[in-house]
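Here are the chains, one letter per residue:
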Amino acid sequence: MNVKKFSDAMNELDSKYIDEALNYKKKVKKPLWIKWGAMVAGLLFVFTMSVPALASADFEPAYNLLYKVSPAIAQKLKPVSMSCEDNGIKFEVVSAYVEGSEAKIFISVQDLDGDRIDETTDLFDSFSINTPFDCSSSCENISYDTKTKTSTFLISISQWNEKDIIGEKITFCVREMLSNKKEYDTVLTDLDMNQISATPKTITPTHIFGGGGINYNEMENNFQALKTTGILCSPVAGVDITAMGYVDGELHIQVKYENVLETDNHGYIYFKNDKNEEIHCIANVAFSTDSEYQKRYVEYVYDLSDVDLAQYKAYGHFITSDTHIEGIWRVTFPLESIDQ
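This is a predicted model, so every value here is computed, not measured. (Residues numbered from 1 in each chain as written. Predicted model: local features only at pLDDT ≥ 70, side-chain atom pairs only at ≥ 80, totals over all residues. Heavy atoms only, no water.)

**Section: the overall build of the chain**
Alright, step 1. Helix and strand counts for the chain come out as five helices and 21 strands.
Alright, step 2. Here the analysis covers contacts within the chain between residues at least 6 apart in sequence; of these, 71% occur between residues at least 24 apart.
Alright, step 3. Put simply, the chain shows about 16,700 Å² of open surface, and 47% of that area lies on carbon and sulfur atoms. (Helix = DSSP H or I, 4+ residues; strand = E, 2+ residues; numbered from the N terminus. Contact = heavy atoms within 4.5 Å. Areas by Shrake-Rupley, 256 points an atom, 1.4 Å probe, with all protein chains shown as cover.)

Written out as structure tokens, the structure is:
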């Protein structure tokens, strides 16, 4: 099995992905991209090194999973065993598999002081991979061991020009983690669709920092958002629906996500009828009205020109988290060939 097939297989085994990469600029997380390239990384920790067996107690569950998917790759993994600690969290580069322009790196994250790490833990899109070459990368949580309180992540790196990266050094750094994530998908029974205003007041947002949908690009530069009218519905903690109305014939529903820089609360609203036919937004626009960007609004826009909305129910799909971990975890290590 080659690297691509292995990656595809791992994707089928675990659906917990980092859906979008976020960057900070003036404390705003923009769901756009992650900067790759050469960066100078200062060593903030004294690394501890040891040479345990690859299938150690901390790594064994992930190793066994990998071995079932691809014994060939599992056998090629080389121990790295370089680690650092901060805020009671141990971060370790366990092993790596490098071949040509691609690398697979296994990283474990263990809580030494409590129960902040679980099967939902992700790196809050705060990880960076500093390399002497341009590359693309992905990160996914592939296993969690309840006994050792350890999550294992698979990092995949691909050099853009397919240059051989064996012998290069990389620095993997993480600033934040999120745990205790909960996912909801429920009918919005408390949302009264009769409260949709035909003539809502609108504002021009001063801070737009992203969005999506097939019509997002044409709305981005001249977007008119609803003026918040109060809490119409609170589906889950940290998520409030704050306005609804028709703007230029299209339905706008405004949702406020609290403390996004610490919880990454997010989601979407859709409509579904008795035939399981669904209506999703044609655009969503994220904006903020406070200087600290803690309150993030997302306005969802729907084209209902040929729809009898009375035949549909409103649903909300939301993901929230209440465990935010901060620190600086940084490890520099070489990418060695599998035959060294």
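Anyway, onward from the coordinates.
**Side note on the sheet that holds strand β17 (residues 266-273)**
Alright, step 1. Spatial strand order, β7-β10-β21-β17-β18: five strands in an open sheet with antiparallel pairing. Every interior strand has two partners, whereas the edge strands, β7 (128-130) and β18 (278-279), have only one.
Alright, step 2. As defined by bridge partners, β7 adjoins strand β10 (residues 169-187) across three bridges and the pair is classed as antiparallel. Across the sheet, residue I129 finds its bridge partner in β10, namely F172. (Pairing = 2+ DSSP bridges.)

**Topic: the sheet that holds strand β16 (residues 250-257)**
Alright, step 1. Strand order in this open sheet of six strands is β12-β19-β20-β16-β15-β14, and the pairing throughout is antiparallel. In the strand order of this sheet, the two ends are held by β12 (207-212) and β14 (233-236), each with one partner. Sheet twist, expressed as the average angle between the axes of neighbouring strands with direction ignored, equals 25 degrees. (Axes fitted to C-alpha atoms, helices over the stretch in contact; angles between N-to-C directions.)

**A closer look at the packing of aromatic side chains**
Alright, step 1. A full pass over the atoms with the stated rule returns seven aromatic pairs.
Alright, step 2. Ring geometry for F271 versus Y302: centroids 5.2 Å apart, planes at 80 degrees, classification edge-to-face. Remark: Y302 occurs in strand β20 (residues 296-302) and F271 occurs in strand β17; sequence separation between them is 31 residues. Comparing F271 with Y302, the two get one shared label, buried.
Alright, step 3. Site record: aromatic cluster; members linked through ring pairs are F91, F127 and F172. (Phe/Tyr/Trp six-rings, centres within 6.5 Å; stacked < 30°, edge-to-face > 60°. Buried < 20%, exposed > 50% of the residue type's maximum accessible area, 1.4 Å probe, protein only.)

**Quick word on the pairing of strand β19 (residues 283-288)**
Alright, step 1. Burial analysis of β19 places five of its six residues in the buried class, which makes it a mostly covered element.
Alright, step 2. Here β12 pairs with β19 via four bridges, running antiparallel. Pairing of G211 across the sheet is with V285, part of β19.

**Quick notes on the side chain of S126**
Alright, step 1. Its place among the elements puts S126 in the loop between β6 (102-111) and β7.
Alright, step 2. Contact partners of S126, with chain neighbours within four places excluded, come to C173, V174, R175 and E176.

**Regarding the nonpolar core**
Alright, step 1. Counting 32 residues, the largest nonpolar core has F91, I105, F172 and F333 as its most contacted members.
Alright, step 2. Examining the composition of this core, we find that five residues originate from one element, strand β5 (residues 89-99), more than from any other.
Alright, step 3. When neighbours within four sequence positions are excluded, F333 is seen to be in contact with V80, M82, V93, I105, E168, K169, I170 and F172.
Alright, step 4. If you look at the next biggest cluster of nonpolar residues, it comprises 28 residues, including F209, I279, A286 and Y302. (Core = buried A, V, L, I, M, F, W, Y, C linked by side-chain atoms within 4.5 Å.)

**Details of unusual backbone geometry**
Alright, step 1. Even without glycine at this site, N87 takes up a positive phi of about 55 degrees.
Alright, step 2. Position of N87 among the secondary structure elements: in the loop between β4 (78-86) and β5.
Alright, step 3. Positive phi outside glycine occurs at D264, with the angle close to 55 degrees.
Alright, step 4. With respect to the helices, strands and loops of the structure, D264 is situated in the loop between α5 (260-263) and β17.

**Here we look at the pairing of strand β15 (residues 239-247)**
Alright, step 1. Here β15 lies mainly inside the structure; eight of its nine residues are buried.
Alright, step 2. Pairing geometry for β14 and β15, over two bridges, is antiparallel. When the bridges of β15 are listed, V236 appears paired with V239.
Alright, step 3. Taking the residues that link successive antiparallel strands as the turn, the β15-β16 hairpin has two residues, and the phi of D248 there is positive, at about 55 degrees.

**Description of the environment of A243**
Alright, step 1. As for its position among the elements, A243 is in strand β15.
Alright, step 2. Taking the C-alpha atoms as reference points, A243 and S197, 46 residues apart in sequence, are found 8.8 Å from one another.
Alright, step 3. With near-sequence residues (within four places) excluded, A243 lies in contact with L226, K227, T228, T229, G230, L232, H252, I253 and Q254.

Coordinates in, geometry out; function isn't part of it.
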